[in-house]
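Structure assessment
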Amino acid sequence: GSRISLPDVLGYMLSQIVGGVAGAYVYLRAVGETMLLHPIGLYTDHQVAAVEAIYTAALCYVFLNVACGEPNSHYGFSIGSTVTAAAIAAGPISGCSLNPAVAAGSVFVAWSLHGEEAAHHLYLYLCAPLIGSLLGLVLFFAAGGGGLPGMGTEETRSKAAGGSDDEESPLLGRQPPNLIERRRRLS
């Protein structure tokens, strides 16, 4: 099937955290300082949470669309462009973490030099990306991306995507024929 097992999910999460720690350690060795996650300049916790959630939602939405769509050569460009836009726009506000594992890794390594100060804003960098990823998932399904293989019966996928016999979505109105055909091919 196309479902991922719980041990695979836990292994993936652990590998993300180990990667976050390794990346933070490489940064420490290369720069001689750790990356403290906190609002930059005069920005507030709320502004940091907002940009982290918004750009994580954008990244998840783009990732789901390219990973779950027809094979093409735009994966790297689409995801890379989204990360670049996030870094340019959110970097000066929040540091642009976008990933709880990156945040956890940064705090783990920064703790060695800065103690508790390293974890002071950790809740922002854990919660905002989780909220953003859920928002990206909701947007993906609302835009008709719910017709994925293994995601229930055709009837439940059609209802989840807001479809009906006439392919009209309550959120989006009439759906474009290419999206309708893609959903049919994937089911």
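In this report, we go over the structure that sits alongside the text. (Residues numbered from 1 in each chain as written. Predicted model: local features only at pLDDT ≥ 70, side-chain atom pairs only at ≥ 80, totals over all residues. Heavy atoms only, no water.)

Looking at the environment of V21
The line we're drawing: Helix and strand assignments come from DSSP, with helices taken as H or I runs of at least 4 residues and strands as E runs of at least 2, each series counted from the N terminus. Contact between two residues is taken to exist if any of their heavy atoms lie within 4.5 Å; hydrogens are not considered.
Here V21 lies in helix α1 (residues 6-31). When the C-alpha positions of V21 and S106 are compared, they lie 6.3 Å apart, and in sequence the two are 85 residues distant. In this structure V21 touches G105, F108 and V109, once residues within four positions along its chain are discounted.

With respect to the side chain of T82
With respect to the helices and strands, the residue T82 is situated in helix α3 (residues 75-94). Contact partners of T82, with chain neighbours within four places excluded, come to A58, L59 and V62.

Comments concerning the side chain of H121
For clarity, the cut-off: Whether a residue is buried, partly exposed or exposed follows from its accessible area with a 1.4 Å probe, protein chains only, as a fraction of its type maximum: under 20%, in between, or over 50%, in that order. Definition of a polar contact: a pair of N or O atoms within 3.5 Å, with one able to donate and the other able to accept a hydrogen when the atoms are protein atoms, and with sequence-neighbouring residues admitted only if both atoms are side-chain atoms.
Its location among the elements puts H121 in the loop between α4 (100-114) and α5 (122-145). A residue is classified by how much of its surface remains accessible, and H121, at 14% relative accessible area, is buried. Within the structure, H121 has its side chain in polar contact with the side chain of D45 (distance 3.4 Å). Here H121 is in contact with L37, H38, P39 and D45, once residues within four sequence places are set aside.

Description of the packing of aromatic side chains
Rule in force here: The pairing test for Phe, Tyr and Trp rings, Trp by its six-membered ring, is centres within 6.5 Å, and the orientation test on the planes gives stacked under 30 degrees, edge-to-face over 60, and tilted for anything in between.
Within the structure shown, the criterion is met by one aromatic pair. Measuring from centroid to centroid gives 5.6 Å for F140 and F141, while their planes differ by 85 degrees, and the two rings are edge-to-face. Using a relative accessible area of 1% as the deciding quantity, one classes F140 as buried.

Bear in mind that shape data such as this cannot, by itself, settle questions of function.
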